[in-house]
Amino acid sequence: MVGQEKELSKDQRLAWFKDAKLGIFIHWGIYAVNGIDESWSFHNGYISYDDYMKQLDGFTATNYNPEYWAELIKESGAKYTVITTKHHDGVALWDTKYSDLNVVDKTPAKRDVLTSFVKAARSEGLKVGLYYSLLDWSHPDYPNFLRDKKRYTDDAKRWAKFTKFNFGQIEELTKFNPDLYWFDGDWEQSAETWKAKEIRDLLLEKTPTTIINSRLQGYGDYATPEQGIPITKPDSKYWELCMTMNNSWGYQPNDTNYKSVNQIIRILVDCISMGGNLLLDIGPKPDGIIPQEQIDILKGLGRWTNKHKSAIYGTRAGIPFGHFNGYTALSKDKTILYLYVDNKPNGPLLIKGLKNKVNRAWVVGNGTKLKTNVVGKLYWSDVPGLLYIDVPEDVQDQDVTVIAM
Ligand code: JFZ
């Protein structure tokens, strides 16, 4: 049609996402004040709604340094970041004109903390994703409120008012031109009730390059398996595992059950080997300080990702498990096979049954050429039956050694 751009294909829009492999999720909200579950704590009755909302008075953002956040996220090796612009509690991090339940009007922070983060993240070259809860347990025209307590059922007028509000806030977010939308809370209504298709159309009209997660009732672009390590490859070309560092999304000082850097690297490698991304969550304090344990994890990850760039970004899922006792991935052009060695090998690595000729093997991050020993090579072929690779101790990584071949 004349004067109309052809819509970008899904593959074009998701190309950067497919290559990104690591993103950092940020759950920042008033729940960090008491260090309790985001939104769910009042929904499930662990705290009254009014007491939950008293946390507004403690959200100061006094030490909030969005440039530092962005630097740290970049340093971790992440290519994108997703921030909670509004969780189920309805408290917006930006200066929304559709409700005064936002950190500008209702907290001592007294300012929009979202705009500055988006700007800082973009200047670090990070793609920016906005998390937005479709359901809003604070809005007087939203039907569900506390568990077992409903405001109304079947009131088309009130739902229409809520829909107008929801589209208003979503339209405000489109002004950021997000690279990604991360919807949540879709399970309480149907696609038709949310007007999920209209939401999708609006987002793509405003930002034709944007991508949308799966929690938009079937109108998303990629799958979002949550927590629990994906045991098998998700049935989707594009996916992202989102995961906490401890057991909480937001800041909870009592939760000290952090995974080690080594564990997180192995989970990242698990995702990479299956062609997906890891979206790793941090939960800053109400004053904007990122807890030290989380900083240490981001930096620890950064040490490993920085050393192994070629074996992370732009890679594709690896070969079937039967060939190698560990995780593998392939380069985009499928000429390089990466082996992730997540324990100290007690002898040479064994790769079996490859159908390709192996020219050389080396250690990613320091380039050391490795000795290979082919056993069982067929007389009429260059293809090895059993291929042994020696990985001397002094070239091994403290966490996961990566061999390229
Ligand atoms: C949602 C939120 O309710 C939660 O507070 C947090 O923000 C998390 C990232 O997302 O929780 C979900 C959503 C979907 C599933 C599980 C928890 N799910 O599909 O299994």
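Model, not experiment: these values are computed from the prediction. (Residues numbered from 1 in each chain as written. Predicted model: local features only at pLDDT ≥ 70, side-chain atom pairs only at ≥ 80, totals over all residues.)

On to the domain arrangement of the protein. When its domains are assigned, the protein resolves into domain 1 (7-307) and domain 2 (316-404). If you average the C-alpha positions of domain 1 and of domain 2, the two centres end up 38 Å apart. In this complex, domain 1 contributes 13 residues to the contact, which on the side of domain 2 involves 11 residues. When residues of the side of domain 1 that touches domain 2 are traced back to their parent elements, those giving at least two are helix H12 (261-273) and helix H13 (292-307). Top element by residues in the side of domain 1 that touches domain 2 is H12. It accounts for eight residues. Residues that form the side of domain 1 that touches domain 2 fall into these classes: six nonpolar, three polar and four charged. (Domains from an automatic or database assignment. Contact = placed C-beta atoms within 7 Å. Helix = DSSP H or I, 4+ residues; strand = E, 2+ residues; numbered from the N terminus. Nonpolar A, V, L, I, M, F, W, Y, C, P; charged D, E, K, R; others polar.)

What follows is about the sheet that holds strand E9 (residues 327-330). Judged by pairing direction, the sheet is antiparallel, and its five strands sit side by side in the order E8-E9-E10-E15-E12 without closing on themselves. A strand with exactly one partner marks an edge of an open sheet, and here the two such strands are strand E8 (316-317) and strand E12 (362-363). Pairing of E12 with strand E15 (residues 401-404) involves two bridges; the strand directions are antiparallel. Looking at the pairing, tryptophan 362 lines up with alanine 404 of E15. On the sheet, H12 packs against E8, E9 and strand E10 (337-341) and is oriented at approximately 50° with respect to E9. (Pairing = 2+ DSSP bridges. Axes fitted to C-alpha atoms, helices over the stretch in contact; angles between N-to-C directions.)

Counting 105 residues, the largest nonpolar core has Val82, Tyr338, Leu339, Val402 and Ile403 as its most contacted members. Dropping the residues within four chain positions of it, leucine 339 is found in contact with Phe324, Gly326, Thr328, Leu349, Val402 and Ile403. (Core = buried A, V, L, I, M, F, W, Y, C linked by C-beta atoms within 7 Å. Buried ≥ 20, exposed ≤ 12 C-beta atoms within 10 Å, placed from the backbone.)

On to H12, then. The periodicity of an α-helix, 3.6 residues per turn, causes residues three or four positions apart to be oriented the same way. Across its 13 residues, H12 extends 18 Å between first and last C-alpha, which sits within 8% of the 18 Å expected from 1.5 Å per residue. Listed in full, the buried residues belonging to H12 are Val261, Ile264, Ile265, Leu268, Val269, Cys271, Ile272 and Ser273. Directly after H12, the chain includes glycine 275, whose backbone phi takes a positive value near 80°. (Expected span 1.5 Å × (residues − 1).)

This part takes up the packing of helix H6 (residues 66-76) against helix H8 (residues 114-123). Packing of H6 against H8 leaves a shortest axis separation of 8 Å and a crossing angle of 40°. On the basis of the axis angle, H6 is oblique to H8. Crossing angle aside, the handedness with which H6 passes H8 is right-handed. Taken together, the residues of H8 that come into contact with H6 (itself represented by Pro66, Glu67, Trp69 and Ala70) are Ser116, Phe117, Ala120 and Ala121. Split into classes, the residues belonging to the contact of H6 with H8 amount to six nonpolar, one polar and one charged. (Parallel < 35°, antiparallel > 145°, perpendicular 65-115°, else oblique. Left-handed = near helix turned anticlockwise from the far one by under 90°.)

This part takes up H6. Those residues of H6 not exposed but buried are Pro66, Trp69, Ala70, Leu72, Ile73, Lys74 and Ser76. Looking at the packing, one finds that the buried side of H6 touches strand E1 (22-26), strand E2 (80-86), H8 and H13. The first or second residue beyond H6 is glycine 77, which carries a positive phi of 100°.

Okay, the UniProt feature "site: May be important for catalysis" (unreviewed entry) in the protein next. Under the local residue numbering, the UniProt record ascribes the feature "site: May be important for catalysis" (unreviewed entry) to Cys242. Here cysteine 242 is to be found in strand E6 (residues 240-244). Residue class for cysteine 242 comes out buried when judged on the 20 C-beta atoms lying within 10 Å of it. (UniProt positions renumbered as here; feature names shortened; annotations may be inferred.)

With that settled, the discussion passes to unusual backbone geometry. With glycine set apart, most residues show a phi of negative sign, and most peptide bonds adopt trans. Although it is not a glycine, alanine 61 adopts a positive phi angle of roughly 55°. In this structure, alanine 61 sits in the loop between helix H5 (49-53) and H6. The class for alanine 61 is buried, based on 22 C-beta atoms found within 10 Å. A positive phi angle is found at aspartate 154, which is not glycine, with a value near 55°. For aspartate 154, the location among the structural elements is in the loop between strand E3 (127-133) and helix H9 (156-174).

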